[in-house]
Amino acid sequence: MAYGKLYLIPNHLADDSPTNFLSEMVIQQSHHIKHFVAESEKECRALIKKLKIAIPQSELKIWMLNEHTKASEYIYLLDALNDETDCGLMSDAGLPCVADPGYQLVALCHQKNIQVIPLPGASSIFMALMASGFSGQNFSFNGYLPIDKPARAKKLKEMELDILKRNQTQIFMETPYRNNQLLEDILKICGAETKLCIASNIASANEFIKTKTLREWQKQKPDLHKQPTVFVIGN
């Protein structure tokens, strides 16, 4: 079976990101693609318009890959690359495969000796780290913390210990509608002098990025409900 190439296509971080947020290289490299694997069809078609792809949308084919995709279904996503047809893997926001579905397809492509081409774009995770004032030499991305209260408390304590013992910056996230609850847990569980960077709505018009001690955050807690947010703790 002959396969095309898999392009990893970055997306905007926010609906109101500037029109030139995507680099010219991304637009040039993806203009010929007519097969896509995406988290949602709506976001995929919106990005296709921004990429100025000239192929009529009626001729495009889109495969779904998200949290509902079963492991047994990954192999069928290779249909998007059949007959030497190039395919674009998209995220709903930011970079594909970074805190996002998609790595399973990339792993499968490597097994099949299919060329994988990552295109440059922004990641809210790394932008939060850049703006935090914490060390970028040694850091850990922890993804989404456990929902279970005891497990979450244990994880927060472990991360705080890694900051003190290893000077390792800790980055993590939460589902936007549970952000306020996570903030409360951080304030209760971690030490008052631990520093926390809250980075919300990155690359949008109402971007909010601040680093303070937990003692300072306790005095003026922001409302993070349903606001896409990256949390960073460090020295």
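Caption draft 1: Focus on the layout of surface pockets. Considering only enclosed or pocket space, the largest pocket measures out at about 840 Å³ in volume. It is helix α2 (residues 41–50) that contributes the most residues to the lining of the largest pocket, four residues altogether. Classifying every residue of the lining of the largest pocket gives 16 nonpolar, ten polar and eight charged.

Caption draft 2: View of the side chain of Glu-160. The residue Glu-160 is located in helix α5 (residues 149–166) in this model. Its relative accessible area of 10% is what places Glu-160 among the buried residues. In this structure, Glu-160 is in contact with Ile-189, Cys-190, Gly-191 and Thr-194, ignoring residues within four places of it in sequence.

Caption draft 3: Region of the structure containing α5. The end-to-end C-alpha distance of α5 is 25 Å, a good match for the 26 Å that 18 residues give at a rise of 1.5 Å each. Tucked inside the fold, the buried residues of α5 contact β6 (139–144), β7 (169–173), α6 (179–189) and β10 (229–234). Regarding α5, its N-cap is Asp-148, as a side-chain oxygen of that residue lies 3.1 Å from the backbone nitrogen of Ala-151 further along. At the exit of α5 stands Asn-167, carrying a positive phi of roughly 50°.

Caption draft 4: Highlighting the sheet that holds β7. In spatial order, the strands read β6-β7-β10-β8-β9; together these five strands make up an open sheet with mixed pairing. Either end of the sheet is taken by a strand with one partner, and the two such strands are β6 and β9 (208–213). Adjacent strand axes in the sheet meet at a mean angle of 15°, parallel and antiparallel pairs treated alike. The strands that helix α4 (residues 124–132) touches are β6, β7, β8 (195–200), β9 and β10; relative to β10, the one it contacts most, it runs at about 45°. Relative to the sheet, α5 contacts β6, β7 and β10, its axis offset from that of β7 by approximately 150°.

Caption draft 5: Spatial organisation of the sheet that holds strand β2 (residues 35–38). Reading across the sheet, the five strands line up as β3-β2-β4-β1-β5 and stay open at both edges, with parallel pairing between neighbours. In the strand order of this sheet, the two ends are held by β3 (61–64) and β5 (116–118), each with one partner. Neighbouring strand axes in the sheet, compared pairwise and without regard to direction, differ in orientation by 25° on average. Sitting on the sheet, α2 touches β1 (6–9), β2, β3 and β4 (87–90), and the angle it makes with β3 is about 140°. Strands in contact with helix α3 (residues 103–111) are β1, β2, β4 and β5; relative to β1, the strand with the most contacts, it is inclined by about 155°.

Caption draft 6: Focus on the environment of Met-90. Looking at the element boundaries, Met-90 is found in strand β4. In this structure Met-90 comes out as buried when scored by relative accessible area, which is 3%. If near-sequence neighbours (up to four positions away) are discounted, Met-90 is found in contact with Ile-9, Phe-36, Val-37, Ala-38, Glu-39, Cys-44, Leu-47, Ile-48, Leu-51 and Pro-96.

Caption draft 7: Representation of the environment of Lys-154. Take Lys-154: it is sitting in helix α5. Judged by its relative accessible area of 56%, Lys-154 is exposed. Considering only alpha carbons, one finds Lys-154 and Ile-189, 35 residues apart in sequence, at a separation of 9.1 Å.

Caption draft 8: Highlighting the packing of α5 against α6. Direction vectors running N to C along α5 and α6 enclose 60°, while the axes themselves pass 10 Å from each other. On the basis of their axis angle, the class for α5 and α6 is oblique. Judged by the twist between their axes, the crossing of α5 over α6 is right-handed. Here Lys-149, Arg-152, Ala-153, Leu-156, Lys-157 and Glu-160 of α5 lie close against α6, whose contacting residues are Gln-181, Leu-182, Asp-185, Ile-186 and Ile-189. When its residues are assigned to classes, the contact of α5 with α6 shows five nonpolar, one polar and five charged.

Caption draft 9: Structural detail: α3. Those residues of α3 that fall on the buried side of the exposure criterion are Gln-104, Leu-105, Val-106, Leu-108 and Cys-109. Elements in contact with the buried residues of α3: β1, β2, β4 and β5. One or two steps after α3, the chain reaches Asn-113, where phi turns positive at roughly 60°.

Caption draft 10: Quick peek at the nonpolar core. By size, the foremost hydrophobic cluster in this structure holds 18 residues, and its most contacted members are Ile-9, Phe-36, Ile-48, Leu-51 and Met-90. Elements represented by at least two residues in this core include exactly β1, α1 (24–30), β2 and α2. Here this core takes three residues from α2, the largest share from any one element.

Cut-off values and rules
- Residues numbered from 1 in each chain as written.
- Predicted model: local features only at pLDDT ≥ 70, side-chain atom pairs only at ≥ 80, totals over all residues.
- Heavy atoms only, no water.
- 1 Å grid on protein atoms, 1.4 Å probe; cavity = no way out; pocket = protein on both sides within 12 Å on 5 of 7 lines; lining within 4 Å.
- Points joined across faces, edges and corners; volume = space filled by probe spheres on them.
- Helix = DSSP H or I, 4+ residues; strand = E, 2+ residues; numbered from the N terminus.
- Nonpolar A, V, L, I, M, F, W, Y, C, P; charged D, E, K, R; others polar.
- Buried < 20%, exposed > 50% of the residue type's maximum accessible area, 1.4 Å probe, protein only.
- Contact = heavy atoms within 4.5 Å.
- Expected span 1.5 Å × (residues − 1).
- Polar contact = N/O pair within 3.5 Å; in protein donor to acceptor, adjacent residues only side chain to side chain.
- Pairing = 2+ DSSP bridges.
- Axes fitted to C-alpha atoms, helices over the stretch in contact; angles between N-to-C directions.
- Parallel < 35°, antiparallel > 145°, perpendicular 65-115°, else oblique.
- Left-handed = near helix turned anticlockwise from the far one by under 90°.
- Core = buried A, V, L, I, M, F, W, Y, C linked by side-chain atoms within 4.5 Å.

In short, shape yes, function no, at least from these values alone.
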